[in-house]
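Analysis of the macromolecular model
Residues per chain, in single letters:
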Amino acid sequence: MGGEVILKTVDIWKWFGKVLALREINLEVYRGELLVLLGPSGSGKSTLLRIIGGLEFPSRGRVYMDGEDITFYPPYKRDTSMVFQSLALFPHMTVYDNVAYGLKIRKVPKDEIDRRVDEILELVKIRELRDRKVTQLSGGQRQRVAIARSLILNPKVLLLDEPLGALDLKLRKELHVELKRLHKEVGNTWIFVTHDQEEALTLADRIGIMNSGRIEQIGDKWDVYERPSKMFVADFIGETNIIQGSIKKAYKDYIVIDWRGIELYVPFIEGCEGSKEIYLSIRPENISISKTRPRVTGKLNLFNGEIIDEIFKGSYVTYYIKLPNKEVLRVTVLTKDADFDVGDKVFVYWKPRMGVSIIE
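Residues numbered from 1 in each chain as written. Predicted model: local features only at pLDDT ≥ 70, side-chain atom pairs only at ≥ 80, totals over all residues. Heavy atoms only, no water.

**Quick word on the pairing of strand β17 (residues 316-322)**
For strand β16 (residues 301-312) and β17, the ladder comprises six bridges, and the chain directions are antiparallel. By the bridge assignment for β17, Ile 311 is matched with Thr 318. As consecutive antiparallel partners, β16 and β17 are separated by three residues, and within that stretch Gly 314 has a phi angle of approximately 90 degrees, a positive value. The loop that links β17 with its antiparallel partner strand β18 (residues 328-334) comprises five residues; one of these, Lys 326, has a positive phi angle of about 75 degrees. (Pairing = 2+ DSSP bridges. Helix = DSSP H or I, 4+ residues; strand = E, 2+ residues; numbered from the N terminus.)

Here it is, written out as structure tokens:
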């Protein structure tokens, strides 16, 4: 995405006693983007968010916003606002009072509060609920109140810590659409924490994959998905086939990999050497399957195999195909094209540059 950097962390480390929660976090967040921090529980993503918001302080390192060092500023001195998974709404208050709370604390005039509350409730599509107690609302409606309460402060950076985690799948997917619309309309910077890879891919401009207190990879969501640079990233986001082999030959445009007796063609790698161990990632949807031998010109990874299992997943089917070297490839096919059965002898194939990544 690129652009103007609004927020920057430099060499952030965080210990809780003897437990190391974050290590060497160097992050740049661009003005107006929606950055998603994605990772499993315990990866450090919420701790990083809390440090950005001033709810925790780093053990080492600095946090900058628009060039100003805010590392040890309390939350109220930062131009940030946070939406928690627990929402932290006031149950005894109405929607209006919850949303207006931050403005009242800042002693904004009453007529301006009324105007801004009505505007933000209209934006999140719950203006008709203005005078209801939050205890009378559904989970999705309460979520909108929490977001409205944070957005009304017009923060430079909105921090969202797994805000949809308590909602059911159907409602989460509906709110994904609303959140993308809201972000586009409001135009400020959002940092969104989740462990849900589908949520991350749906919402993000960029994704930062976190594991064991580190950012393993960060980039455009297409790049992170199609070109994972590390084993953890390839395995955590989406489904993939991990192939371990060794380099046999190198040519100008491609190299030959020995995969347990099968030869694979992959794009040329700078500095490759003979017999060097290598790991490849190829997504199941980038592999084709056919009952007849395909007629394709040029270099092609083409093998025969047998379908040993299938998993129906609604819009697509994943086939498990055993190859002559006893390895098993996963191949994903749209349900409308899934004209295969367990036991079928098939051909699997892909072009060398078709979604193959070299990973560490």
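**Describing helix α3 (residues 110-123)**
If you check α3, its first and last C-alpha atoms are 20 Å apart, about what 14 residues at 1.5 Å a residue would give, namely 20 Å. Among the residues making up α3, those that are buried are Ile 113, Arg 116, Val 117, Asp 118, Ile 120, Leu 121 and Leu 123. On its buried face, α3 is in contact with α2 (95-105), α4 (139-151) and α5 (169-186). (Expected span 1.5 Å × (residues − 1). Buried < 20%, exposed > 50% of the residue type's maximum accessible area, 1.4 Å probe, protein only. Contact = heavy atoms within 4.5 Å.)

**Here's the deal with the packing of aromatic side chains**
Inspection of the entire model under this criterion finds eight aromatic pairs. The interplanar angle of 70 degrees and the centroid separation of 5.5 Å between the aromatic rings of Phe 57 and Phe 72 together place this pair among those described as edge-to-face. Of this pair, Phe 57 sits in the loop between α1 (45-53) and β4 (60-65) while Phe 72 sits in the loop between β5 (68-69) and β6 (80-83), and the two are 15 residues apart along the sequence. The exposure class of Phe 57 is partly exposed, given its relative accessible area of 34%. Where Tyr 254 meets Tyr 265, the ring centres are 5.6 Å apart and the plane angle is 80 degrees; that geometry is what we call edge-to-face. One end of the pair, Tyr 254, is in strand β12 (residues 254-259); the other, Tyr 265, is in strand β13 (residues 262-267), with 11 residues separating them in the sequence. The class of Tyr 265 is buried, set by a relative accessible area of 19%. The rings of Tyr 251, Tyr 254 and Tyr 265 are connected pair by pair, giving a single aromatic cluster. (Phe/Tyr/Trp six-rings, centres within 6.5 Å; stacked < 30°, edge-to-face > 60°.)

**Regarding the packing of α2 against α3**
Close contact between α2 and α3 brings their axes to 10 Å; oriented N to C, the two are set at 125 degrees. With respect to each other, α2 and α3 are oriented oblique. Once α2 is placed against α3, the crossing between them reads as right-handed. Counting all contacts with α2, which are made through Val 95, Tyr 96, Val 99, Ala 100, Leu 103 and Lys 104, the residues of α3 involved are Lys 110, Ile 113, Asp 114, Arg 116, Val 117, Ile 120 and Leu 121. Along the lines of polarity and charge, the residues of the contact of α2 with α3 split into nine nonpolar, no polar and four charged. (Axes fitted to C-alpha atoms, helices over the stretch in contact; angles between N-to-C directions. Parallel < 35°, antiparallel > 145°, perpendicular 65-115°, else oblique. Left-handed = near helix turned anticlockwise from the far one by under 90°. Nonpolar A, V, L, I, M, F, W, Y, C, P; charged D, E, K, R; others polar.)

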